[in-house]
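What follows is each chain in one-letter form.
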Amino acid sequence: MSDTAPDPAPAAPNYRKAAYLTSAAKLSQCPPDEGWEVAFAGRSNAGKSSAINSLTGNSKLAKTSRTPGRTQLINFFELSARQRLVDLPGYGYAKVPLAIKREWTKQLENYLQQRRCLRGLILLMDVRHPLQAFDRQMLDWALAAAMPVHILLTKADKLKKGPATSTLLKLRAELEPHHGLVSAQLFSALKHSGHEQLLAVLDNWLTNEKEFTRL
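Everything quoted here is computed from the prediction, not taken from an experiment.

Student: Got a sec to walk through the nonpolar core? Specific residues and values, please.
Tutor: One finds Leu88, Tyr111, Leu112, Leu121, Leu123 and Ile151 to be the most contacted residues of the largest nonpolar core, which totals 33 residues. At the level of secondary structure, the elements contributing two or more residues to this core comprise β2 (36–42), β3 (74–80), α2 (98–114), β5 (118–126), α3 (133–144), β6 (149–154), α4 (161–174) and β7 (182–186). Of all the elements, α3 adds the most residues to this core, at five residues. Once residues lying within four places of it in the same chain are set aside, the contact partners of Ile151 are Leu123, Met125, Leu171, Leu175, Val182, Ser183, Ala184 and Gln185. Core analysis: the next-biggest nonpolar cluster, separate from the first, contains 23 residues, Ala18, Leu55, Leu85 and Phe187 among them.

Structure (structure tokens):
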């Protein structure tokens, strides 16, 4: 057997043992590009950090703020020696200078386009305002790169069950042509609901050796 054979995919991680690893302002500062990563992306008010904290059972793991757009760095959380969750800078930022917005966008694009260990994208959208312009841009890029995407319609507790389910069904119908790459669910960090479905997606991506095709 060759000594250069790739390492076998690891077992599903214990998300409750997630720990902060490091933060990066640019691609060159990221951890070594090896292993398995899943990135969380979304508008600055979509609740990315809250979703990560709810999933891991650690309210202090990812920093949250009442002011949207505070996640200005690429934040890495270690699940095992070769598995990580990544909290990406929010897009559609609040009151920050245009130059900073451009730099964040540049580094976000560099990460998504060049990070080889990225196995999938969790795309978060407020259930009351799904598929905004920035969301569609992110989704279009992922689809062009054949990257799997799982959409979390966050803050599902803000709507009654009927309207929330109706929004989910409409979204799924619109994305039906891409059902092999895109899936969607309701999620509430406040109520800690939607974990089981999200965990199934993460477990699959973080234990799968297949890479998507980058452009």
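Read on, since the account is not over.
Student: Can you explain the pairing of β2? Please cite residues and give values.
Tutor: With respect to burial, β2 is a largely interior element, seven of its seven residues being buried. Where β2 and strand β4 (residues 83–87) come together, five bridges link them in parallel fashion. Along β4, the bridge assignment pairs Ala39 with Val86. Both β2 and β5 contribute to a ladder of six bridges, which runs parallel. Within β5, the residue paired with Ala39 across the bridge is Leu121.

Student: Explain the pattern of salt bridges to me, using residue names and the numbers behind them.
Tutor: One pass over the structure, following the stated rule, counts seven salt bridges. For the salt bridge of Arg115 with Asp33, the shortest nitrogen-to-oxygen distance reads 3.9 Å. Linking Arg115 in the loop between α2 and β5 with Asp33 in the loop between β1 (19–24) and β2, this pair joins segments that are 82 residues apart in sequence. The partner of Asp126 in a salt bridge is Lys155, and the shortest N-O contact between them spans 3.9 Å. You can see Asp126 sitting in strand β5 and its partner Lys155 sitting in the loop between β6 and α4, a full 29 residues away along the chain. Relative accessible area serves as the criterion here: at 8%, Asp126 is assigned to the buried category.

Student: A description of the state of the cysteines should follow, citing residues and the corresponding values.
Tutor: Applying the stated criterion across every chain, the model contains zero disulfides. The thiol of Cys30 is not disulfide-bonded; the next cysteine sulfur, from Cys117, is found 8.5 Å away. Residue class for Cys30 comes out buried when judged on its relative accessible area of 11%. A residue is classified by how much of its surface remains accessible, and Cys117, at 1% relative accessible area, is buried.

Student: Would you mind going over the sheet that holds β5 in detail, with residue names and values included?
Tutor: One open sheet accounts for seven strands, arranged β1-β3-β4-β2-β5-β6-β7; its pairing is mixed. Either end of the sheet is taken by a strand with one partner, and the two such strands are β1 and β7. Ignoring which end each strand starts from, the neighbouring axes of this sheet average 25 degrees apart. Relative to β3, β1 runs antiparallel, the two sharing five bridges. Looking at the pairing, Thr22 lines up with Phe76 of β3. α4 rests against β6 and β7 of the sheet, and its axis sits at about 175 degrees to β7.

Student: So, α4: which residues are in play, and what are the values?
Tutor: In this model, α4 (14 residues) spans 20 Å end to end at C-alpha, consistent with the 20 Å of a helix rising 1.5 Å per residue. Lining the buried residues of α4 we find β6 and β7.

Student: Now, about the pairing of β4: what can you tell me, with residues and values included?
Tutor: Counting buried positions along β4 gives five out of five residues, so the element sits mostly inside the fold. Burial of β4 is two-sided: the residues Gln83, Leu85 and Asp87 facing one way and the residues Arg84 and Val86 facing the other way are all buried. Note that β3 and β4 share five bridges and pair antiparallel. Opposite Glu78, over in β4, you have Arg84 as the bridge partner. Counted between consecutive antiparallel strands, the loop separating β3 from β4 contains two residues.

What counts and what doesn't
- Residues numbered from 1 in each chain as written.
- Predicted model: local features only at pLDDT ≥ 70, side-chain atom pairs only at ≥ 80, totals over all residues.
- Heavy atoms only, no water.
- Core = buried A, V, L, I, M, F, W, Y, C linked by side-chain atoms within 4.5 Å.
- Buried < 20%, exposed > 50% of the residue type's maximum accessible area, 1.4 Å probe, protein only.
- Helix = DSSP H or I, 4+ residues; strand = E, 2+ residues; numbered from the N terminus.
- Contact = heavy atoms within 4.5 Å.
- Pairing = 2+ DSSP bridges.
- Salt bridge = Lys/Arg side-chain N within 4 Å of Asp/Glu carboxyl O.
- Disulfide = S-S within 2.5 Å.
- Axes fitted to C-alpha atoms, helices over the stretch in contact; angles between N-to-C directions.
- Expected span 1.5 Å × (residues − 1).

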